[in-house]
Protein chains: 2
Amino acid sequence: MNYADFIPVWNRLDEEQRAKITSSSVRRTFKKGVFLHGGSSECTGLMLILSGQIRAYTTSSDGREVTLYRLFERDICLFSASCMMNSIQFDITLVAEKDSEVIVIPSETYKSIMNVSAPLANFTNEVMASRFSDVMWLVDQVMWKSFDRRLAEFLLSEASIEGNNTLRITHEIIGNHLGNPREVVTRMLKYFAGEGMVKLSRGVIEITDEKALKELAEN
Amino acid sequence: MNYADFIPVWNRLDEEQRAKITSSSVRRTFKKGVFLHGGSSECTGLMLILSGQIRAYTTSSDGREVTLYRLFERDICLFSASCMMNSIQFDITLVAEKDSEVIVIPSETYKSIMNVSAPLANFTNEVMASRFSDVMWLVDQVMWKSFDRRLAEFLLSEASIEGNNTLRITHEIIGNHLGNPREVVTRMLKYFAGEGMVKLSRGVIEITDEKALKELAEN
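Sequence order as written defines the numbering, with residues in each chain counted from 1. Lettering for chains starts from A, numbering for ligands starts from 1, and both go in the order in which the items are written. The predicted nature of this model means local features are confined to residues of pLDDT at least 70 and side-chain atom pairs, given and counted, to a pLDDT of 80 or more, with totals for whole chains, interfaces and linings taken over all residues. Computation of side-chain values: all heavy atoms of the structure, hydrogens and water removed.

## Here we look at the sheet that holds strand β8 (residues 198–201) of chain B
Residues and elements named next belong to chain B.
- Pairing is antiparallel in the open sheet, where 3 strands are placed in the order β7-β9-β8. Looking at strand neighbours, the two that pair on one side only are β7 (166–168) and β8, the edges of this open sheet. Averaged over all pairs of adjacent strands, the angle between strand axes in this sheet comes to 20°, irrespective of strand direction.
- For two strands to be treated as a pair, DSSP must find at least two bridges joining them. Only DSSP runs of H or I reaching four residues or more are called helices, and only runs of E reaching two or more are called strands; each is numbered from the N terminus. For β7 and strand β9 (residues 204–207), the ladder comprises 3 bridges, and the chain directions are antiparallel. Directly across from L167, in β9, lies its bridge partner I205.
- Contacts are assigned to residue pairs with any non-hydrogen atoms lying within 4.5 Å of each other. Orientation is described by lines fitted to C-alpha atoms, with helices fitted over the stretch in contact, and by angles between N-to-C directions that extend from 0 to 180 degrees. Lying over the sheet, helix α5 (residues 147–162) contacts β7, β8 and β9, oriented at roughly 90° with respect to β9.
- Against the sheet, helix α7 (residues 182–194) contacts β8 and β9, and its axis sits at roughly 125° relative to β8.

The following block contains the structure:
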């Protein structure tokens, strides 16, 4: 495990700062489905994703969900340390979508170094700007794209992440990703099936006409 | 004009850094309706809003608009200097909603100091986190709130900004703020009028039952 793989400015921290991070960090594993962070009360720390897959989402007051972004191997999770910044006035929930292994740098450690290290503060800025860009992509999607296109795009993205055109995913989980009720997902999937773009069976969606799905998504 | 009013870490910059900012900054005025920034090509600089009102919005490929946030006196506009950060992968358009006066700190000047000053880099982080919070509020609105509630909230917010329950605003402009076609706005306003919450005349919307509108917005 090499910190510089995650934090490109690692070598611009001084020896003491690096030692402070390495000595206070802990390795943790999260089983699929386990919450890494939820609500504003927690502030575990900055997480470096060694393996697995993390989903960041936001919920409505009545419990509906929409995925904001996902984190993969070599990504950094900033919002598990959101208490570091006063101006973060929103809650993000983080859950392991696959068994995941992470390095946690405690918030106080990271913050104390960021406060005095311009390289680390600027790097943190870039990480936040990346997540901001992800959320702006979502705004673009929900504002301007019809649900059929968003669903087509989601199925293609899932297939690409899994490296497999046969997706083991329920309609409810898709609804949680896209922020729509399950029934809306089911209705649209049935329409896709009628058009020959997918084949549906219990808990499985098979992409049967990737080209048509792509055309729909990019339309 | 006192830089410390805008940049709370001003006194933690050294004398040379402060002189660099003050000597390179320029005061500019923007008439109502003039663009301060649009698209990724421009990178005017960081703007300190002395007076007026700035609207930040994003557009669809076919020209529809939705307001992301607004900036008022004493606010700082970061995205007019978005080229400072590589990870900002989205375009925001900025337009003067009222005659506005701003101080522009050139992007190169600001960036060169932020690169070496931890206080300035951390302050910039907080500014970005604030704007990120604004956009997360928007996500919450468009994902979970019905259009009647969003429109009620918008009318109340406009009345509060203007200090006046009689709003001089067209249905088209409201549509541009909320990301909906003009016809949808007109239809809902007519419904509001039917319920006695507003009174409509050419180019004017008068809030006649603020309490009912609030109840709808907060429902």
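## Description of the pairing of β8(B)
Residue and element names in this part refer to chain B.
- Bridge count for β8 against β9 is 4 bridges, and the pairing is antiparallel. Bridging across to β9, S201 finds its partner in V204.
- Counted along the chain from β8 to the antiparallel partner β9, the turn is 2 residues long, and its residue G203 has a positive phi close to 70°.

## Some remarks on the sheet that holds strand β9 (residues 204–207) of chain A
All names here are of chain A.
- The strand order β7-β9-β8 describes an open sheet built from 3 strands, whose pairing is antiparallel. Sheet topology places β7 (166–168) and β8 (198–201) at the edges, where each strand pairs with a single neighbour. For this sheet the average axis-to-axis angle between neighbouring strands, irrespective of direction, equals 20°.
- Packing against the sheet, helix α5 (residues 147–162) makes contact with β7, β8 and β9, and its axis sits at approximately 90° to β9.

## Description of unusual backbone geometry
- Positive phi, close to 80°, is recorded for R74(A), a residue that is not glycine.
- Mapped onto the elements of the fold, R74(A) is located in the loop between β4 (65–72) and β5 (76–77).

## Some details on the packing of aromatic side chains
- Between the rings of Phe, Tyr and Trp (Trp by its six-membered ring), a pair exists once the centres lie within 6.5 Å; its type follows the angle of the planes, with under 30 degrees stacked, over 60 edge-to-face, and the other angles tilted. Applying the stated criterion across every chain yields a total of 11 aromatic pairs over all chains.
- Ring geometry for F79(A) versus F90(A): centroids 5.5 Å apart, planes at 55°, classification tilted. Of this pair, F79(A) sits in the loop between β5 and β6 (93–106) while F90(A) sits in the loop between β5 and β6; the two residues are 11 residues apart in sequence, bridging distant segments of the chain.
- Take F79(A): its relative accessible area is 2%, and that puts it in the buried class.
- Here F90(A) falls in the buried class, since its relative accessible area comes to 12%.
- Ring geometry for Y3(B) and W10(B): centres 4.7 Å apart, planes at 15°, overall stacked. A single burial state applies to Y3(B) and to W10(B), both of which are buried.
- Members of the aromatic cluster, joined through ring pairs, are F79(A), F90(A), F132(A), F79(B), F90(B) and F132(B). Buried, partly exposed and exposed residues are distinguished by accessible area as a fraction of the type maximum, computed with a 1.4 Å probe on protein chains only: under 20%, between the cut-offs, and over 50%, respectively.

By themselves, these observations are geometric and do not establish any function.
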